[in-house]
Amino acid sequence: DTKGVNMIISDKKVELARRGNKVVYDDGDRIIKVFNDTKPASDVFNEALNFARVEESGIATPKILEVSKAPEGWALATEKVPGCTLASKMETDGFEAHLEEFVDLQLSIHAHKSPLLPRQKDKYARMIEGLDSIDASTRYELQMRLDGMKAHDKVCHGDYNPTNVIVGDDGKLYVCDWAHATQGNASADAAMSYLLLAIDDEDKAKAYLDMYCTKSDTPRQLVHQWLSIVAASELARHRKVNEEFLMRWIDVADYQ
């Protein structure tokens, strides 16, 4: 039944990824995320708004083209930037070969401001409060830790990893997938990147954090203090696949 459907997706579309409540397609000159009916419309429009605000701040990112209904649910279309992901470059050339440009790009993001993006601490507080897989005492401890963190106003991606960086054929780097973007503390963003890398390879995560802290002149302790908080926020996304890994980070009170 296509009644009320506005997004036109060609029969030549190629599936790029399928996870959680969405499927990502390459559809000619567009990349289309199609969400299932469990994804609230407000979340989809918020992601589009984040994209627009990030672009307006001067960060290189694919442009939003359309938000409308598809047969499965809401869909979001962005322009397709010709190129490949930094993750695929790292697979071919080695992680270390592209680590510096990965870190430099993140630091350039943190140099921007976007006053209308959601506030990081507010978002993490909501996610922790809604996390029913941990007990009330642990939630309270996490909220108290979050409350004690300094509130900054830097643009933070919230899901910054090599799969979300496109190496364009034009030689430029573009950052996509701004669903979790906030304005906040760069150390929290670095903690999330560390965690996402550590899920697959802890040695790569440590190499990343060493370079990030050196280049940004950030004490590792500041990033470590955010780890339990960002692990809880990632767990709150209910993606299941890395639950046990994330719970281990939440259970540890301090990191050396």
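Remember, it's a predicted structure, so these values are computed and weren't measured experimentally.

1. A word on the overall build of the protein chain
Tallying secondary structure elements over the protein chain gives 9 helices and 10 strands in all. The C-alpha atoms of the protein chain give a radius of gyration of 18 Å, which matches the 18 Å a tight globule of 256 residues would have. C-alpha atoms of the protein chain, sized along the principal axes, occupy 55 × 40 × 35 Å. Sorting the 256 residues of the protein chain into buried and exposed places 49% on the buried side. Surface summary for the protein chain: the accessible area is close to 13000 Å², and the carbon and sulfur share equals 49%. A gap of 3 Å separates the mean positions of the 32 positive and 43 negative side-chain charges of the protein chain.

2. Comments concerning the layout of surface pockets
Its volume calculated, the second largest pocket comes out at about 320 Å³. Taken together, 19 residues form the lining of the second largest pocket, with H152, N185, S187, T218 and L222 sitting closest to its centre. If one sorts the elements of the lining of the second largest pocket by residue count, helix α8 (residues 220–235) sits on top with 3 residues. Taken together, the residues of the lining of the second largest pocket break down into 8 nonpolar, 8 polar and 3 charged.

3. Re the pairing of strand β5 (residues 74–79)
Strand direction decides the pairing type here: strand β3 (residues 30–35) and β5, joined by 5 bridges, are antiparallel. Along β5, the bridge assignment pairs V34 with A75. Counting the residues between successive antiparallel strands, the hairpin from strand β4 (residues 64–69) to β5 contains 4 residues.

4. Regarding the pattern of salt bridges
Applying the stated criterion across every chain yields a total of 13 salt bridges. Note that E15 is salt-bridged to R18, the shortest N-O span being 2.9 Å. Taking the relative accessible area as the measure of exposure, E15 reaches 40% and is therefore partly exposed. D27 is the salt-bridge partner of R30, the closest N and O atoms lying 3.3 Å from each other. Accessibility expressed as a relative area gives 15% for R30, which makes it buried. Connected through shared salt-bridge partners, K22, K33, E47 and D177 make up one network.

Conventions adopted
- Residues numbered from 1 in each chain as written.
- Predicted model: local features only at pLDDT ≥ 70, side-chain atom pairs only at ≥ 80, totals over all residues.
- Heavy atoms only, no water.
- Helix = DSSP H or I, 4+ residues; strand = E, 2+ residues; numbered from the N terminus.
- Rg over C-alpha atoms; globule rule 2.2 N^0.38 Å.
- Buried < 20%, exposed > 50% of the residue type's maximum accessible area, 1.4 Å probe, protein only.
- Areas by Shrake-Rupley, 256 points an atom, 1.4 Å probe, with all protein chains shown as cover.
- Lys, Arg positive; Asp, Glu negative; His and termini not counted.
- Charge placed at Lys NZ, Arg CZ, Asp CG, Glu CD.
- 1 Å grid on protein atoms, 1.4 Å probe; cavity = no way out; pocket = protein on both sides within 12 Å on 5 of 7 lines; lining within 4 Å.
- Points joined across faces, edges and corners; volume = space filled by probe spheres on them.
- Nonpolar A, V, L, I, M, F, W, Y, C, P; charged D, E, K, R; others polar.
- Pairing = 2+ DSSP bridges.
- Salt bridge = Lys/Arg side-chain N within 4 Å of Asp/Glu carboxyl O.

Any link to function would need more than the numbers given here.
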